[in-house]
Amino acid sequence: MAVMPLTVLAQAQIDTKKVKIGDFTQKITKVVLTGGAMFDGVLQEEIAARWRVSPYEFCTLEEFNSLKDNDNYYFLLTTKGQFKRETEPSLQFLTLIKGGKNASKGIDEMLEIVSLPICAADDPSGRELIFLPVFLTIIQEYALDSMDKDYNAYGGLGNYTSNITKSSDMKIVFSEDDINSSVPESEYADFCITDEDTADLYITNNTPGFLVSYVVAPAEPVNGSFCYKMLIDAQTYKLYYFRKHRITPKAGAGFMSFDLRSINSARVNHR
C-alpha cells in the first residue's frame, strides 16, 4: 500500500506536458506552408532569419498529413478557429504542435504547445505579415518557457500579461483602430494614439522603449466571437499583455475600458 502512491506520483510526473515536449529542441520542426504565395514567402524569410530553438524544414500540407502521426516531428502551421455560435471559422492562428498517434483523429487531438491568434480568417488586413517576426519570437519563447516549467506549459500566453508591471518606463503606442469606439478619450489620454501605419513602424524599426498594440478579431464578429488584445515590445518582440474577451453588443472588438484601466493600474502600482 505504501508503494502505490509513489508509483502513481511518478507516472503523473512522466505524463506532464513539460516532459512530453522535452525533446522539442532536438527534433525537427516542420513548417507547413499554406500554398499562399505572399504569406509563404514572408514566412520562409522570417523562419530563416529568426527560428533558433530547433532544427526546421519546410513542408507542404500533403507532407504534413503523411507525417503528423510521427512523434519525431513538431509542426508549425496555420489553423482556423471556430467558436460557439459562429457558423464558420473566424480567426486564423499560428499553431505549434507535436506529431503523435492521435493525429488521425484531427489536429485537436495532437499535443499543442501554443496557438497564437494572428488575424481574421476571412479578409485579413495584411498587418499579420508585418507582425510575423513578432509571432515567431513569441512562439519560440513560449515553447522554451513551457519546457522549463509546467506552470508555463499549462498557463498559456496570458501568463505574460504580468510583464506589464515592468513597463512603467516604457511608452505605449496604440493603433487608433485597436481601441474600441466606446472607450472615452479620457481613458487613453496617457497613451500615444496614432494611425496603423505609424504604429507598425515602431515594430519594423525595432524602436526601443515602446510597446505597440495588436488586436485580432473576426472580420464580421457575432455574439460569442472572441477578440484578442496584445501589447508587444517593439525592440525585443516580447509579449507584455495578452488578454481576450467575448464579443457582445456591449463589448465589441478592440481594447476596452477595462483593459486600459488594468494596464494603467499595473504600471502605476509598480513605479
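Description of the structure in this document. None of these values were measured; they are calculated from a predicted model. (Residues numbered from 1 in each chain as written. Predicted model: local features only at pLDDT ≥ 70, side-chain atom pairs only at ≥ 80, totals over all residues. Heavy atoms only, no water.)

**A short note on the overall build of the protein chain**
Helix and strand content of the protein chain: 9 helices and 10 strands. Over its C-alpha trace the protein chain gives a radius of gyration of 20 Å, about what one expects of a compact globule, namely 18 Å for 271 residues. Projecting the C-alpha coordinates of the protein chain onto the three principal axes gives extents of approximately 60 × 55 × 40 Å. Taking all 271 residues of the protein chain together, 48% fall into the buried category. (Helix = DSSP H or I, 4+ residues; strand = E, 2+ residues; numbered from the N terminus. Rg over C-alpha atoms; globule rule 2.2 N^0.38 Å. Buried < 20%, exposed > 50% of the residue type's maximum accessible area, 1.4 Å probe, protein only.)

**Some thoughts on the sheet that holds strand 2 (residues 56-59)**
Spatial ordering of the open sheet is given by 2-1-3-4-5, a layout of 5 strands whose pairing is mixed. This sheet does not close on itself; its edge strands, each paired only once, are strand 2 and strand 5 (111-120). Between one strand axis and the next, the sheet turns by 25° as a mean value, whatever way the strands run. In this sheet, strand 4 (residues 91-98) lies alongside strand 3 (residues 73-81) in antiparallel orientation, the contact comprising 8 bridges. If you follow Gly-81 over to strand 4, its bridge partner there is Leu-91. (Pairing = 2+ DSSP bridges. Axes fitted to C-alpha atoms, helices over the stretch in contact; angles between N-to-C directions.)

**A word on helix 6 (residues 132-148)**
Between its terminal C-alpha atoms helix 6 stretches 25 Å, which fits the 24 Å expected from 17 residues at 1.5 Å a residue. In terms of residue burial, helix 6 counts as a mostly covered element, since 12 of its 17 residues are buried. (Expected span 1.5 Å × (residues − 1).)

**Here we look at the packing of helix 3 (residues 37-50) against helix 6**
Running from N to C, helix 3 and helix 6 cross one another at 50°; their axes reach a closest spacing of 10 Å. When the interaxial angle is binned, helix 3 and helix 6 end up oblique. By crossing handedness, the relation of helix 3 to helix 6 is classed as right-handed. Note on element contacts: helix 6 touches helix 3 through Leu-132, Pro-133, Leu-136 and Gln-140, opposite Phe-39, Val-42, Leu-43, Glu-46, Ile-47 and Arg-50. Of the residues belonging to the contact of helix 3 with helix 6, the class tally is 7 nonpolar, 1 polar and 2 charged. (Parallel < 35°, antiparallel > 145°, perpendicular 65-115°, else oblique. Left-handed = near helix turned anticlockwise from the far one by under 90°. Contact = heavy atoms within 4.5 Å. Nonpolar A, V, L, I, M, F, W, Y, C, P; charged D, E, K, R; others polar.)

**Examining the pattern of salt bridges**
Using the criterion set out here, one finds 10 salt bridges in the structure. We note a salt bridge from Lys-238 to Glu-141, for which the minimum N-O separation is 3.1 Å. With Lys-238 in the loop between strand 9 (226-233) and strand 10 (239-246) and Glu-141 in helix 6, this pair connects stretches of sequence that are 97 residues apart. What makes Lys-238 partly exposed here is its relative accessible area of 27%. A salt bridge links Arg-243 to Asp-259; the shortest N-O distance between them is 3.9 Å. With Arg-243 in strand 10 and Asp-259 in helix 9 (residues 257-268), the pair connects residues that are 16 residues apart, well separated along the chain. The exposure class of Arg-243 is partly exposed, given its relative accessible area of 32%. According to the relative accessible area criterion, Asp-259 is buried, its value standing at 0%. Ionic contacts of the salt-bridge type, sharing partners, join the residues Asp-23, Lys-27 and Lys-98 into one network. (Salt bridge = Lys/Arg side-chain N within 4 Å of Asp/Glu carboxyl O.)

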